[in-house]
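# Summary of structural features
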Amino acid sequence: MKYRTIGSDPANCREVSVIALGAMLMGSRTDEVTSFAVLDRYVEAGGTFVDTSDNYAFWEDGGQGGQSEELLGRWRRSRGIGDEIVIATKLGARPLAPGTSYVDNPEGLSAKVVRESAERSRQRLGVDRLDLLYAHIDDPTVPQRETVEAFGELVGEGTVGLLGVSNQSAWRVERARALAAAGGLPGYEVLQYAHSYLRPRTDVPDDMFPDGSLGHVGPDLLTYLRAEKALTLVAYSPLLKGAYTHPDRLPSDYDHPGTAPRLAALHDVARETGATPNQVVLAWQLGGELPIIPLVGASSVAQLEENLAAADLELTADQRARLDAAR
């Protein structure tokens, strides 16, 4: 396994494995025995960066979530896991009532929610401090200063280490970070967005994003990462939920003329390296210019093993150039 540092403050920065493990479906669709086996193997292989959220996985049973955090808490206690494993969680998108969702009834990002939801996450995970806490979605109904100050207070009290943000427009992220800097408060340093080798259309509106997707990495976020060297991107859904090996799973927003040539380049490199397309995608993210940590999910140890092997796959400059040039 290889490692990189997230965060810039020496008091809170952490060294984490370059491949993060997503626990979204652990405790719900993925049963406890399997979840524990995947987590154990991940740690055995040198993995140190586990990702969850307070709303995972509310859609599985129509509830409000919390199953993933609770399972991770049980795993930590049963294995004697301490602060050597960095666990990131999120708040803001937990439904306020069963049968609702983050689209129509989210908890939001008020100061009250930030404090109370963070405390519930700490209790479920069984930790004194949340290593990394994200604002999961935006909340335009709350002044950004209120949210920034609420997160900053938790860091100041020592109950949260690093701060992150997900699924918000780049200008909103920058505004929040500017407010934090002006107030002498810690700001967002980890960005979690959907990012893969194939490029989606981001202009298609939906219930969450009426002007087009803000959850995918686009040119604005990439240029932001190039300019702000202290930021790290955690890329969720890097393998498109299995679509690289099961083309029928490819989401509709990837159905455009640019997909075929990139898939052709990907499969050419996979044949040359003897690696799987999934491994090439992860290696492409890991070996690029920008600080990207792919966040992979696994419902079996075998899936995890395939993903972990990507940390040791080195693409040549020519292979990377051909992957990047495909249009």
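Note that the structure is predicted; figures quoted are calculated from it, not measured.

Here the focus is the overall build of the chain. Looking only at helices and strands, the chain features eleven helices and ten strands. Computed over its C-alpha atoms, the radius of gyration of the chain comes to 19 Å, within 12% of the 20 Å expected for a compact globule of 327 residues. For the chain, the C-alpha atoms occupy an extent of roughly 55 × 45 × 40 Å along the three principal directions. The 327 residues of the chain split such that 54% are buried.

Since the α-helix advances by 3.6 residues per turn, residues separated by three or four positions end up pointing in the same direction. Within helix H7 (residues 219–227), the full set of buried residues consists of Leu221, Tyr224 and Leu225. The buried residues of H7 occupy an angular sector of 100° when projected down its axis, which confines them to one face. Seen from the buried face of H7, the exposed residues on the opposite side, beyond 90 degrees, are Pro219 and Ala227.

Strand pairing in a sheet relies on backbone hydrogen bonds, with the paired strands running either antiparallel or parallel. A barrel is described by the order of its strands in space; here eight strands give the closed sequence E3-E4-E5-E6-E7-E8-E9-E10, paired in parallel fashion. With direction set aside, neighbouring strand axes in the sheet form an average angle of 30°. Sheet topology places strand E3 (residues 20–22) next to strand E4 (residues 49–51); two bridges connect them, and they run parallel. Each bridged residue has a counterpart across the sheet, and for Gly22 the counterpart in E4 is Asp51. Helix H5 (residues 144–157) contacts strand E5 (86–91), strand E6 (130–135) and strand E7 (160–166) of the sheet and is inclined by roughly 155° relative to E7. Lying over the sheet, helix H9 (residues 277–286) contacts strand E9 (232–236) and strand E10 (292–297), oriented at roughly 150° with respect to E10.

Along the chain, the position of Ser68 falls in helix H3 (residues 67–79). Take Ser68: its relative accessible area is 0%, and that puts it in the buried class.

Pairs of packed helices are described in terms of their axes, by the angle between the two and the distance that separates them. At a closest axis distance of 11 Å, the pairing of H9 and helix H11 (residues 317–325) adopts a crossing angle of 95°. Here H9 is positioned roughly perpendicular relative to H11, judged by the angle of their axes. Within the contact between the two elements, H9 uses Val280, Ala283 and Trp284 and H11 uses Arg320, Leu323 and Asp324. Of the residues in the contact of H9 with H11, the class split is four nonpolar, no polar and two charged.

Reading guide: rules and limits
Residues numbered from 1 in each chain as written. Predicted model: local features only at pLDDT ≥ 70, side-chain atom pairs only at ≥ 80, totals over all residues. Heavy atoms only, no water. Helix = DSSP H or I, 4+ residues; strand = E, 2+ residues; numbered from the N terminus. Rg over C-alpha atoms; globule rule 2.2 N^0.38 Å. Buried < 20%, exposed > 50% of the residue type's maximum accessible area, 1.4 Å probe, protein only. Arc of directions from axis to C-beta. Pairing = 2+ DSSP bridges. Axes fitted to C-alpha atoms, helices over the stretch in contact; angles between N-to-C directions. Contact = heavy atoms within 4.5 Å. Parallel < 35°, antiparallel > 145°, perpendicular 65-115°, else oblique. Nonpolar A, V, L, I, M, F, W, Y, C, P; charged D, E, K, R; others polar.

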